[in-house]
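Survey of secondary and tertiary structure
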Amino acid sequence: MMDLQHRWNDVSQRIEAACVRAGRSVSDVHMVAVTKYLEAVQMQKWLQFGWTHVGENRVESLVDKWDTFSHQATWHFIGSLQRRKVKEVIGKIDYLHSLDRFSLAEEIDKRLDTIVSPLKCFIQVNISGEKSKHGISPQELEDFLGDVANFFSIQVIGLMTMAPLHASERDTRGVFRELRMLRDRLLTQGQLSMGMSQDFEWAIEEGATWIRLGSILMTEEQD
Ligand SMILES: *Cc1c(COP(=O)(O)O)cnc(C)c1O
């Protein structure tokens, strides 16, 4: 059974190799360590790896872990965020990967306006068009960018997407490539949050600047 160190060595080699294939610098690809599978008490071991960027997709888990480890990490919220829960995460998270509707932007603006630094947000785009997926449609993205530009509390730093589960390499790359093309067209300099355990190498080759990895680092770690 591979321990966390071995798994991380393996993953970081794969990240490096993907960067080499794509002619990119490793320093351009950042990782969010997705800790959603862990209890707060298990997190210390993870943080010792120097993974300063951690991601959670549920408000309760984020708050729980933040209470213990707030100063040891930079917090990313990567899941769908309900409007009424915004107040619970504001002031705790540094990055939101899932800005996907105007009402959410409004609520963030309402809650954050007394705080000096804006929230760094990725706009989640539903490239694959799956009904089950959140996100702005590619067609609506340009207008949405215009709408949220009016909120001083929100700093749009890039775009985020999720490829369909178990999609082929070709389809998965197609989704990532389309996100990159939207970025090139509408958000020059924008970052790209795309790629998870199943597809991070393709994502890197297609231009991801943030990958979000959970299970590949910690399966077998549950015991
Ligand atoms: C869980 C999750 C991840 C990480 O997924 P793994 O397949 O475990 O790497 C990435 N992004 C989001 C939005 C998630 O919910």
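That block above? That's the structure.
Residues numbered from 1 in each chain as written. Predicted model: local features only at pLDDT ≥ 70, side-chain atom pairs only at ≥ 80, totals over all residues. Heavy atoms only, no water.

Some details on the overall build of the protein
Put simply, the test is: Going along the chain from the N terminus, every DSSP run of H or I of four or more residues is numbered as a helix, and every run of E of two or more is numbered as a strand. Atoms counted for the radius of gyration: C-alpha only. Globule rule: 2.2 Å times residue count to the power 0.38. We call a residue buried when its accessible area falls under 20% of the maximum for its residue type, exposed when it is over 50%, and partly exposed in between, using a 1.4 Å probe and counting protein chains only.
What the protein contains, in helices and strands, is nine helices and eight strands. On C-alpha atoms alone, the protein measures out to a radius of gyration of 17 Å, which is about the 17 Å that the 2.2 N^0.38 rule sets for 223 residues. Seen along its three principal axes, the alpha-carbon backbone of the protein occupies a region of about 50 × 40 × 30 Å. Evaluated residue by residue, the protein yields a buried proportion of 51% over its 223 residues.

Structural notes on the pairing of strand β5 (residues 119-124)
Stated precisely, the cut-off is as follows: Between any two strands, pairing holds if DSSP finds at least two bridges. By definition, the crossover connecting two strands over a helix is right-handed if that path, from the first strand to the second, turns clockwise as seen with the strands pointing away from the viewer.
The buried fraction of β5 amounts to five of the six residues, a majority that puts the element mostly inside the structure. When strand β4 (residues 95-99) meets β5, the two strands line up parallel, connected through three bridges. The residue bridging L96 from the neighbouring strand is C121, located in β5. Summarising the sheet, β5 and strand β6 (residues 154-160) pair through six bridges and their orientation is parallel. Across the sheet, the residue bridging to F122 is G158, located in β6. In this region the chain leaves β5, passes through helix α6 (residues 141-148) and returns to the parallel neighbour β6; the handedness of that crossover is right-handed.

Some details on unusual backbone geometry
The phi torsion of most residues other than glycine is negative, and most of the peptide bonds are trans. A positive phi angle, close to 60°, is found at H166, a residue other than glycine. One non-glycine residue, Q189, adopts positive backbone phi at about 75°. Here Q189 shows up in the loop between α7 (169-186) and β7 (191-193). Residue class for Q189 comes out exposed when judged on its relative accessible area of 75%.

Description of the site of the ligand
As a reminder, the rule being used: Working definition: residue near molecule or strand if any one of its non-hydrogen atoms lies within 4 Å of it. Whenever two N or O atoms come within 3.5 Å, that pair is a polar contact, provided that in protein one can donate a hydrogen and the other can accept it, and provided that, for residues adjacent in sequence, both atoms are side-chain atoms. Computed with a 1.4 Å probe, the accessible areas rest on the Shrake-Rupley method; for each residue, only the protein chains presented here act as cover. Following the grouping adopted for this structure description, the nonpolar residues are Ala, Val, Leu, Ile, Met, Phe, Trp, Tyr, Cys and Pro, the charged ones are Asp, Glu, Lys and Arg, and the polar ones are all others, Gly among them.
Inspection of the region around the ligand gives V34, K36, Y37, N57, I78, M162, M196, S197, R212, L213, G214 and S215 as its neighbouring residues. With respect to the ligand, the backbone of S215 contributes an N or O atom lying 2.7 Å from an oxygen atom. Out of a free accessible area of 390 Å², the ligand has 91% covered by protein chains. Classifying every residue of the shell around the ligand by side-chain character gives six nonpolar, four polar and two charged.

Description of helix α1 (residues 4-22)
For the record, the criterion: The span expected for a helix works out to 1.5 Å for each residue beyond the first. This arc is taken over the directions from the axis of the helix to the C-beta atoms. In this description, contact between two residues means that some pair of their heavy atoms is separated by no more than 4.5 Å.
Spanning 19 residues, α1 covers 27 Å between terminal C-alpha atoms, matching the ideal 27 Å at 1.5 Å per step. Of the residues making up α1, those classed as buried are L4, R7, W8, V11, I15, A18 and C19. The buried side chains of α1 occupy one side of the element, clustering within an arc of 110° when seen end-on. Exposed side chains of α1 directed beyond 90 degrees from the buried face belong to Q13, V20 and R21. Each element contacted by the buried residues of α1 is listed here: β1 (30-34), α2 (43-47), α8 (200-205), β8 (210-213) and α9 (215-218). Phi for G23, located one or two positions after α1, is positive at around 65°.

Digging into the packing of aromatic side chains
Note the cut-off: Two rings from Phe, Tyr or Trp (for Trp, the six-membered ring) form a pair when their centres are within 6.5 Å of each other. A pair whose planes differ by under 30 degrees is stacked, one over 60 is edge-to-face, and the rest are tilted. Charges are assigned to positions over rings by a cutoff of 6 Å between ring centre and Lys NZ or Arg CZ, combined with an angular limit of 35 degrees from the ring normal.
Enumeration over the complete set of coordinates arrives at five aromatic pairs. Ring centres 5.1 Å apart and planes at 85° place the aromatic pair W8 and W51 in the edge-to-face group. In this pair, W8 is assigned in helix α1 and W51 in the loop between α2 and β2 (53-56), connecting sequence segments 43 residues apart. We note that W8, like W51, is buried. Their ring planes at 35° and their centres at 5.5 Å tell us that F102 and F151 sit as a pair that is tilted. With F102 in helix α5 (residues 102-112) and F151 in the loop between α6 and β6, this pair connects stretches of sequence that are 49 residues apart. For F102, a relative accessible area of 33% corresponds to the partly exposed category. Pairwise contacts between aromatic rings join W8, W46, F49 and W51 into one cluster. Lying across the ring of W66, K92 places its NZ or CZ 5.0 Å from the centre. We note K120 situated over the ring of Y95; from NZ or CZ to the ring centre the distance is 5.2 Å.

So yeah, pure geometry; function would need other evidence.
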